[in-house]
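Fold and contact review
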Amino acid sequence: MEASDKAATLIVVAHPEDVVRLFSTVAEGADLAVVTEDGSASRELEAVGRALGARTTHLLLSPSEVGPWCREQRERGPGRVFTHSPQEEAPLHREVAVLVSRVFERLWVPATGARPTVCTVLDDAAFQRKLDLLNALYRERPDGAQAGACTEPLRDGPGLEAFTQVRSTDMVRALSLTKPEIFSELADPWGFARSPYETERFALTAKVLESLRHATPPPRRVVDVGACEGMMTEHLLSLFPHANVQALESEPRFVARLRERLGGHARVRIVEASVEDVALEADLVLLAEVLYYLSDDAGRDLLERLRASHLLTSYGGAFGAQVHERLAERGWEVVQSMTLPGRIEPVDGAQSPLLVRRAGTEIRLWKR
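None of these values were measured; they are calculated from a predicted model.

1. A word on helix α8 (residues 196–210)
With 15 residues, α8 should reach 21 Å at 1.5 Å per residue; the first-to-last C-alpha distance of 21 Å fits that figure. Looking at α8, one finds that the buried residues are Tyr197, Glu198, Arg201, Leu204, Thr205, Ala206, Val208 and Leu209. Looking at where α8 begins, the residue whose side-chain oxygen comes 3.2 Å from the main-chain nitrogen of Tyr197 is Ser195.

What follows is the structure, given as C-alpha cells:
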C-alpha cells in the first residue's frame with residue numbers, strides 16, 4: 001500500500017492476537033476493536049495497540065455490540081474498514097465478519113480464498129516485531145485454546161499480509177455457500193441466477209427430469225422441497241403442464257419472493273413450513289440440496305416418510321454416497337443419473353474477488 005493508504009480507519013476482529021497475525025501492516029493510526037467476552041483481554045489489546053501504533057483500542061464484550069459500535073464509527077465519516085474473511089474457519093471470526101458487513105458496504109479482508117488487492121511482505125524488523133508480540137500474547141495465555149484464543153497463529157503466514165476489497169454482499173454469499181447458515185436477507189444468496197455452476201446444475205436437473213415428461217402416466221402431483229425463490233418450481237410447471245406443484249419453503253423471506261413469482265398461479269400451492277412437518281406424498285418429490293440442513297436423525301425420518309413414485313436428489317461426495325445408500329436400502333432404484341464436477345468460481349458467479357469451491361454433485365432420479 002502507499003504510505004497515505006496504510007492507516008486503516010477501523011479494524012474489527014475477534015481476539016487481540018488476530019490484529020497481530022492478520023493486520024499488523026495496517027494497524028498504525030487505526031481504531032482497533034476486539035469482540036470477546038473476556039474482559040481481561042483489554043490489557044492485551046492496549047499492549048497490541050501501543051506496539052502497532054494504533055490510534056485507539058476498544059473492547060466489545062459481546063457480538064451484539066458490534067453493530068451499534070460500527071454504526072457509530074460510520075457516522076464519523078468514510079474510511080477503510082478491515083475485518084475477518086468469511087472464508088476463515090473459526091465461528092466467531094465468521095460471525096464478526098458478517099456483523100461488520102451489515103454496517104459497511106465495502107470492506108477489506110485477509111485474502112483467504114480470494115484474489116488479493118494488495119500485499120505486503122514484512123521486512124526483518126516488522127517480522128520480528130510480529131513474532132515478539134505473538135509470543136508475548138501466548139505467554140500471557142498458555143491455555144489459549146480454553147480461553148478462546150487462536151491456536152493456529154502460523155496458519156496465515158505471519159510474514160505476508162494480503163488484503164482483498166469486497167462488497168458486503170460478497171461476504172454474505174461466501175458464508176451462504178460454505179457454511180450451514182442461511183442468509184435469506186440477500187436475494188439469490190447461492191447465486192442461482194449468475195453462477196455458471198448453478199446454471200449447469202439447473203440444466204442437468206431439467207434434463208434428468210425430462211425423462212418423466214412422457215412417462216405413463218406423467219406426474220400429476222409434484223412436491224418441490226426447499227423451493228427457495230421458485231426458479232425450479234416455475235420450470236416444473238412448464239415441464240409437466242398437467243401437474244399441480246406444491247412449493248415447500250420454510251424461510252419467510254424466500255416464501256415472500258416465491259409468492260411474488262408464483263403466488264397467483266392456479267397450479268401452484270405454496271406451503272410455508274419445515275419439511276419435517278409436512279407429509280411427502282406425491283408422484284414426484286424433489287429433494288435436492290436440502291438434506292444438508294437437517295440433523296442425521298431428521299434426515300433418516302424424512303426418507304422413511306417418503307411416499308412417492310419418483311424422487312429427485314442432488315448430492316455429492318461422502319454425504320451424497322450416504323444418501324444414495326440409505327435410499328437403496330429402502331428399495332429405491334436409480335432411473336437416471338448425471339454428474340456435475342466441482343469447480344472454483346467467484347462467490348457471485350461473476351466478478352467477486354472472493355472464491356468458492358462448488359463441490360460438485362450427482363443428480364439422480366429414483367423410482368420405487
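From this point, things continue past the structure.
2. As for the packing of helix α4 (residues 91–101) against helix α7 (residues 168–178)
Two elements in contact, α4 and α7, have axes separated by 9 Å at closest approach and are oriented at 145°. Seen from above, α4 lies across α7 with left-handed handedness. Of the residues in α7, those in contact with Arg94, Ala97, Val98 and Ser101 of α4 are Ser168, Met171, Val172 and Leu175.

3. Observations concerning helix α12 (residues 317–329)
A rise of 1.5 Å per residue sets the reference length of α12, with its 13 residues, at 18 Å; its end C-alpha atoms lie 19 Å apart and thus fit the reference within 8%. For α12, the set of buried residues is Gly320, Val323, His324, Arg326 and Leu327. Axial view of α12: buried residues confined to an arc of 165°, hence all on one face. Facing away from the buried side of α12, by more than 90 degrees, are the exposed residues Ala318 and Glu329. Those residues of α12 that are buried lie in contact with α11 (296–305), β12 (307–315) and β16 (361–367). Of the residues flanking the end of α12, it is Gly331, one or two places downstream, whose phi is positive at about 90°.

4. Considering the pattern of salt bridges
Per the counting criterion, the structure on display carries 20 salt bridges. Residue Lys130 is joined to Glu161 by a salt bridge in which the shortest nitrogen-to-oxygen separation is 2.7 Å. Taken together, the positions of Lys130 in helix α5 (residues 124–140) and Glu161 in strand β7 (residues 160–167) put the pair 31 residues apart, joining distant regions of the chain. The exposure class of Lys130 is buried, given its relative accessible area of 1%. Assessed through its relative accessible area of 2%, Glu161 is described here as buried. Across the pair Arg343 and Glu200 runs a salt bridge, and its minimum N-O distance is 2.6 Å. Of this pair, Arg343 sits in strand β14 (residues 343–346) while Glu200 sits in helix α8, and the two are 143 residues apart along the sequence.

5. Section: the nonpolar core
Counting residues in each nonpolar core, the largest one holds 29 residues, and the members touching the most others are Val12, Cys70, Val100 and Phe104. Contributions of two or more residues to this core are made by β1 (10–13), β2 (31–35), α3 (66–74), α4, β5 (106–110) and α7. Counting residues in each nonpolar core, the second largest holds 27 residues, with Ala243, Leu312, Met338 and Leu340 among its members.

6. Here's the deal with the side chain of Ser195
Looking at where Ser195 falls in the secondary structure, it is placed in the loop between α7 and α8. Classification of Ser195 as buried rests on a relative accessible area of 0%. Polar side-chain contacts of Ser195 include one of 3.0 Å to the backbone nitrogen of Glu198. Here the side chain of Ser195 touches Glu345 through a polar contact of 2.4 Å, side chain to side chain. The contacts of Ser195, once residues within four sequence positions are left out, are Glu345, Gly349 and Arg358.

7. Some thoughts on the confidence of the model for the chain
Across the chain, the average pLDDT comes to 88, with 92% of residues at 70 or higher. Ranking the elements of the chain by mean pLDDT puts helix α6 (residues 144–147) last with 50 and β16 first with 97.

8. Some words on the packing of α8 against helix α9 (residues 231–239)
Between α8 and α9, whose axes approach to 11 Å, the crossing angle comes to 30°. It follows from the interaxial angle that α8 and α9 lie roughly parallel. The interaxial crossing formed by α8 with α9 has right-handed handedness. Residues Phe202, Thr205, Ala206, Leu209 and Glu210 of α8 touch α9, and the partners they reach there are Met231, Met232, His235, Leu236 and Leu239. Within the contact of α8 with α9, the residues separate by chemical class into seven nonpolar, two polar and one charged.

9. Overview of unusual backbone geometry
With an omega of -5°, the peptide bond between Thr216 and Pro217 qualifies as cis. Mapped onto the secondary structure, Pro217 falls in the loop between α8 and β8 (221–225). Positive phi is not limited to glycine here, since Cys228 has a value of about 55°. Position of Cys228 among the secondary structure elements: in the loop between β8 and α9. For Glu289, which is not a glycine, the phi torsion comes out positive at approximately 60°. Examined against the element boundaries, Glu289 turns out to sit in the loop between β11 (281–288) and α11.

What counts and what doesn't
Residues numbered from 1 in each chain as written. Predicted model: local features only at pLDDT ≥ 70, side-chain atom pairs only at ≥ 80, totals over all residues. Heavy atoms only, no water. Helix = DSSP H or I, 4+ residues; strand = E, 2+ residues; numbered from the N terminus. Expected span 1.5 Å × (residues − 1). Buried < 20%, exposed > 50% of the residue type's maximum accessible area, 1.4 Å probe, protein only. Polar contact = N/O pair within 3.5 Å; in protein donor to acceptor, adjacent residues only side chain to side chain. Axes fitted to C-alpha atoms, helices over the stretch in contact; angles between N-to-C directions. Left-handed = near helix turned anticlockwise from the far one by under 90°. Contact = heavy atoms within 4.5 Å. Arc of directions from axis to C-beta. Salt bridge = Lys/Arg side-chain N within 4 Å of Asp/Glu carboxyl O. Core = buried A, V, L, I, M, F, W, Y, C linked by side-chain atoms within 4.5 Å. pLDDT = per-residue confidence, 0-100. Parallel < 35°, antiparallel > 145°, perpendicular 65-115°, else oblique. Nonpolar A, V, L, I, M, F, W, Y, C, P; charged D, E, K, R; others polar.

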